[in-house]
Amino acid sequence: MRPKKEEIARAAAALRAGRLVVMPTETVYGLAASALNARALGRVFAAKGRPADNPLIVHVGSKAELARVAASVPALARKLVRAFWPGPLTVVVPAAPSLPRAVTAGLATVAVRMPAHPVALALIRAAGVPVAAPSANRSGRPSPTTVAHARGDLGCAVAVYLDGGPAEHGLESTVVDCTGPRPVVLRPGAITVEQIQRVCGDLAIGTRGADAPRSPGMKYRHYAPSARVWVIEGRATEARAGVQRTLGRLAAADRRAGVIAIGDERYAGAEVFRVPTLAALGRELYAIFREADARGLEDLVVRAVPERGLGRALMNRMRKAAER
Ligand code: AMP
Ligand code: MG
């Protein structure tokens, strides 16, 4: 499963030459390019069909490397880095002025993370440059959690695909703005709000307010399959009954529906995607989205999960997928 040393060396050379590499990370697969090469960054946006005003996360190979891409490292960022790197936590800090505009989309800040996946770390270190890497999907599609998903979306736009097995978390990193007096969680992820609170105390949760979004990517529809997603709100029992009612309505309308069943939940009248736990739902959600489309399902129904811990990230992704 693990790519060999020579394969990583070939991918690192491709990055240095301004070409694109798909790399496994513990969150989702990333589409990597040298963060110092404006032409390579242009290829990332072209390959994904990504809007130019959506900035990229810079992936570094060590904690010390943060200072190379930041103009300054706020104490708050330092604290979070110490607690959670390497891992699925992205800090937003003042950007080094030398960074190409494509990385920051013209913002004064840059988003940076040190991934925990050994293949990603080996690649970044071998390349010797910081690596900008959005998720390796076409813009608007679910993020890839296997190398096959990425290949299906990006094909020959990518020089080297590195296979590191299925992604451990399956959801994108937690993004935290560290430029103010207290941390602002711009995007929930595998590192939970509760974990961040334990390290930093007081924090704020960013919302999509009327002001310019703090995290520009938040304004785009994301993570969505072609099938229509229905998230049935309510507490467990109530939501389960709501799921079954929705399936009944869809069946009456002659629609081909799928349903995500969590744990031992039983539903009738739809194709069932079963996940044992919420952590498994995190790992499987995007693969289920893709599989629903592959099977030509028109609707995909899932119940709401409690908005604490990983549940916050899950509800964020599922609600976004349900937006029309
Ligand atoms: P993706 O790479 O598709 O997972 O998206 C990266 C996320 O990080 C998006 O939501 C971006 O808007 C966000 N992001 C990247 N750079 C910044 C920044 N400088 N300030 C705030 N959010 C950022
Ligand atoms: Mg993405």
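Residues numbered from 1 in each chain as written. Chains lettered and ligands numbered in written order. Predicted model: local features only at pLDDT ≥ 70, side-chain atom pairs only at ≥ 80, totals over all residues. Heavy atoms only, no water.

Caption draft 1: Seen up close, the pairing of strand β4 (residues 89-94). Of all 6 residues in β4, 5 are buried, a share of seventy percent or more. By the bridge criterion, 4 bridges tie β4 to strand β5 (residues 109-113) in an arrangement that is antiparallel. Paired with Val93 across the two strands is Val110, which belongs to β5. (Buried < 20%, exposed > 50% of the residue type's maximum accessible area, 1.4 Å probe, protein only. Helix = DSSP H or I, 4+ residues; strand = E, 2+ residues; numbered from the N terminus. Pairing = 2+ DSSP bridges.)

Caption draft 2: Focus on the pattern of salt bridges. Applying the stated criterion across every chain, the model contains 14 salt bridges. Arg240 is the partner of Glu265 in a salt bridge, and the nearest nitrogen-oxygen pair spans 3.6 Å. Of this pair, Glu265 sits in the loop between β12 (257-262) and β13 (271-275) while Arg240 sits in helix α9 (residues 236-252), and the two are 25 residues apart along the sequence. Among the residues examined, Arg240 registers a relative accessible area of 31% and is labelled partly exposed. One salt bridge connects Glu271 with Arg295, and the closest N-O pair in it is separated by 2.8 Å. With Glu271 in strand β13 and Arg295 in the loop between α10 (278-294) and β14 (299-303), the pair connects residues that are 24 residues apart, well separated along the chain. Of the residues examined, Glu271 reaches a relative accessible area of 25% and is grouped as partly exposed. Salt bridges linked by common partners bring Arg256, Glu271, Glu291 and Arg295 together as one network. (Salt bridge = Lys/Arg side-chain N within 4 Å of Asp/Glu carboxyl O.)

Fair warning: the whole summary comes from geometry, so function is off the table for now.
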